[in-house]
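Per-entry structural report
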Amino acid sequence: MPGPLTGLRVIELAGLGPAPHAAMILGDLGADVVRVERPRGGLDPAGGRTDYTLRSRRSLAADLKTDAGRDLVLRLVAKADVLLEGYRPGVAERLGVGPQECHAVNPALVYGRMTGWGQDGPMAGQAGHDINYISLTGALHAIGAGDRPAVPLNLVGDFGGGSMLLVAGVLAGLWERQRSGTGQVVDAAMVDGASVLLQMMWAFRGAGAWSDDRSANLLDGGAPFYDTYTCADGRWIAVGALEPQFYAHFLAGLGIAGEDLPAQMDRSGWPRLRVRFTEVIASRTRDEWAATFAGTDACVTPVLSFSEATRDPHLTARETVITLGGIPQAAPAPRFSRTPPATPTPPPAPGGDTAAILADWDA
C-alpha cells in the first residue's frame, strides 16, 4: 500500500471497536497491517456482513491459546514495528503475548494497548462501553438538552478518545524510538482520551465561562446562534454564527437584520432571540435555507443524513465519502501532498493471507 506509512509493519490482535479502527487508519495510510484472527472464522462484529472497518489490512490465522499459535505471533513480533491489542488488562499476558514477552524478542516494538478504563485504577478490570467511559469524564453529562444527557453515538469514547488517541500514541512512540532505539508500551484509555477532548471545556470552566448545566453554555446549544432548528419540512439546519461578523450574515439571511433584537451576547435576551429564530426558520424548508445561505459566511448548513451526505457537492468534490465493494464509507484521511494513500483494499477473509504474510515477513 502506498502512503506516508509505507514500510511500517503492524500486528493487530483481533478485537472490536477502537483498536481495529486505529489499525484501519494506519493501514489506510500505507502500513502493512496484519490482523491475527482466531482460526475458526474470528470475530464477527458485523453479524455475517462485511465489516469495512477491517479494510486496508491482511489476515493471519493463529490460535493464541496454543503454543504453536503463540510462537507464530512472536515470530511476527520479531519483525514488526507496532503491535495493537484491545484486551482487558492482563489478558495478553495470560496468552503469552504481553509486553514482556514481545519486548524479549523485539526490544524496539511499540506496544499499543487500547482499553476503556486504562491498564490500572479501581475499574481497570471491569467491562464497559463508550457510554460508560464518557459518563465518568463529564462529557456525557454536558451533551444534550436540559432534561437529560444525549447519546453522542460512540464517537467521543471509542473513536475520538480511543482509536485516535491510540494512533497518536503509537506515532509518538515511533518518533521517540528514532532517538532511543527502544520501543515502549502505549496505554491508551478512552477515559483519558475523552478527558483530553474536553480540555477546552475544562479551560472555559476554569475561567468561569462554562456551567455544569446542560444547554446553558456557548457551545452546547445554550446560545440561540449555536444550535439546530426545525424547518418547514421537518428537517433541520445547523447554525454556528458565533463571531459578530458571521452573526450579522445570519440575521441578514433570515431577513431580520433591521429588527429590534437583543444584543448577541446578552444572555438575558437569548430566550427572545431563540423564539424569533425558531419562528423565522420554521417558515421555509431546509433546502430553501441551504440555498439562501450557500456561499455566505453565516455558518449555516443543512443537517444531512448518511444517505444525503453521499450526494453533498462539497463532500463529493473532495471525495470524502468513497464507495468500496458497493458500500459508501469514509475515505482515508488526512490528505498528503507527496505520498497520497491508495484506495483502501477490501476486508480480507479471516486467515486468508497467512501463507503470503509469513513469506513477506520471512517469519
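Relevant structure appears above.
Now for a description of the structure that goes with this document. Quick caveat, the model's predicted, so the values are computed rather than measured.

Our focus in this paragraph is the overall build of the chain. Within the chain, the regular secondary structure consists of 15 helices and 11 strands. A buried classification covers 42% of the 363 residues belonging to the chain. Residue pairs in contact within the chain that sit at least 24 positions apart in sequence constitute 65% of those at least 6 positions apart. Only carbon and sulfur atoms are counted for the fraction: they give 57% of the accessible area of the chain, which is about 18,000 Å². The distance from the centre of the 31 positive side-chain charges to the centre of the 39 negative ones in the chain is 3 Å.

Okay, the sheet that holds strand 9 (residues 300–302) next. Across the sheet, which stays open at both edges, the three strands sit in the order 7-8-9 with antiparallel pairing between neighbours. Unpaired on one side and paired on the other, strand 7 (226–230) and strand 9 mark the two borders of the sheet. The average angle at which neighbouring strand axes cross in this sheet is 25°, direction not considered. Pairing of strand 7 with strand 8 (residues 236–240) involves five bridges; the strand directions are antiparallel. Each residue of the ladder has a partner; that of Y229, found in strand 8, is I237.

Here we come to the packing of helix 10 (residues 244–254) against helix 11 (residues 270–281). At their nearest, the axes of helix 10 and helix 11 sit 10 Å apart, and the two run at 45° to each other. Taken together, the axes of helix 10 and helix 11 are oblique relative to one another. Residue-level contacts link Y247, F250, L251 and L254 of helix 10 to L273, F277, V280 and I281 of helix 11.

Our focus in this paragraph is the layout of surface pockets. Its boundaries defined by the atoms lining it, the second largest pocket holds a volume of some 980 Å³. Around the second largest pocket, the lining comprises 34 residues; the ones closest to its centre are F306, V321, Q329, A330 and A331. Contributing elements (two or more residues each) for the lining of the second largest pocket: helix 1 (18–28), helix 7 (155–180), strand 9, helix 13 (306–309) and strand 11 (327–330). Among the residues forming the lining of the second largest pocket, the class breakdown is 22 nonpolar, nine polar and three charged.

On to the packing of aromatic side chains, then. Under the counting rule described, the total for this entry stands at 10 aromatic pairs. Among the aromatic residues, those joined into a cluster by ring pairs are F225, Y229, Y247, F250, W270, F277, W289 and F293. The residue whose ring lies beneath R284 is W289, and the NZ or CZ to ring-centre distance is 4.5 Å.

Moving on: helix 7. Remark: the principal bend of helix 7, roughly 25°, maps to L165. Of the residues flanking the end of helix 7, it is G181, one or two places downstream, whose phi is positive at about 75°.

Below, the discussion takes up the pattern of salt bridges. One pass over the full model with this rule turns up 20 salt bridges. Salt bridges linked by common partners bring D233, R235, R286, D287 and E308 together as one network.

Another aspect to go through is the side chain of E85. Within the secondary structure, E85 sits in strand 4 (residues 82–85). Taking the relative accessible area as the measure of exposure, E85 reaches 1% and is therefore buried. A distance of 2.5 Å separates polar atoms of two side chains, one belonging to E85 and the other to R113. With near-sequence residues (within four places) excluded, E85 lies in contact with L13, A92, Y111, G112, R113 and M114.

What follows concerns the side chain of S56. For S56, the location among the structural elements is in the loop between strand 2 (32–37) and strand 3 (58–61). Judged by its relative accessible area of 2%, S56 is buried. A polar contact is formed between the side chain of S56 and the side chain of D28, at a distance of 2.5 Å.

Time to look at the nonpolar core. Within the largest apolar cluster, 27 residues are counted, with the highest numbers of intra-cluster contacts made by V10, L26, V82 and L84. Those elements that place two or more of their residues in this core are helix 1, strand 4, strand 5 (110–115), helix 7, strand 6 (185–189) and helix 8 (190–197). Looking at which element gives the most residues to this core, the answer is helix 1, with six residues. Not counting chain neighbours up to four residues away, the residues in contact with L84 comprise V10, I11, E12, L13, A19, A22, A23, L26, G112, L166 and V170.

The alternating pattern of strand 10 (residues 321–324) places I322 and L324 on a buried face and V321 and T323 on a face that is not buried. One ladder, built from four bridges, connects strand 10 with strand 11; its direction is antiparallel. Pairing of I322 across the sheet is with Q329, part of strand 11.

Here the focus is unusual backbone geometry. Between A333 and the following residue, P334, the backbone shows a cis peptide bond with an omega angle of 0°. When you line up the elements, P334 lands in the loop between strand 11 and helix 15 (354–360). Positive phi outside glycine occurs at S215, with the angle close to 55°. Looking at the secondary structure, you find S215 in the loop between helix 9 (199–206) and strand 7.

Rules used in this analysis
Residues numbered from 1 in each chain as written. Predicted model: local features only at pLDDT ≥ 70, side-chain atom pairs only at ≥ 80, totals over all residues. Heavy atoms only, no water. Helix = DSSP H or I, 4+ residues; strand = E, 2+ residues; numbered from the N terminus. Buried < 20%, exposed > 50% of the residue type's maximum accessible area, 1.4 Å probe, protein only. Contact = heavy atoms within 4.5 Å. Areas by Shrake-Rupley, 256 points an atom, 1.4 Å probe, with all protein chains shown as cover. Lys, Arg positive; Asp, Glu negative; His and termini not counted. Charge placed at Lys NZ, Arg CZ, Asp CG, Glu CD. Pairing = 2+ DSSP bridges. Axes fitted to C-alpha atoms, helices over the stretch in contact; angles between N-to-C directions. Parallel < 35°, antiparallel > 145°, perpendicular 65-115°, else oblique. 1 Å grid on protein atoms, 1.4 Å probe; cavity = no way out; pocket = protein on both sides within 12 Å on 5 of 7 lines; lining within 4 Å. Points joined across faces, edges and corners; volume = space filled by probe spheres on them. Nonpolar A, V, L, I, M, F, W, Y, C, P; charged D, E, K, R; others polar. Phe/Tyr/Trp six-rings, centres within 6.5 Å; stacked < 30°, edge-to-face > 60°. Lys NZ or Arg CZ within 6 Å of the ring centre and 35° of its normal. Bend = angle between axes of the 7 residues up to and from the residue. Salt bridge = Lys/Arg side-chain N within 4 Å of Asp/Glu carboxyl O. Polar contact = N/O pair within 3.5 Å; in protein donor to acceptor, adjacent residues only side chain to side chain. Core = buried A, V, L, I, M, F, W, Y, C linked by side-chain atoms within 4.5 Å.

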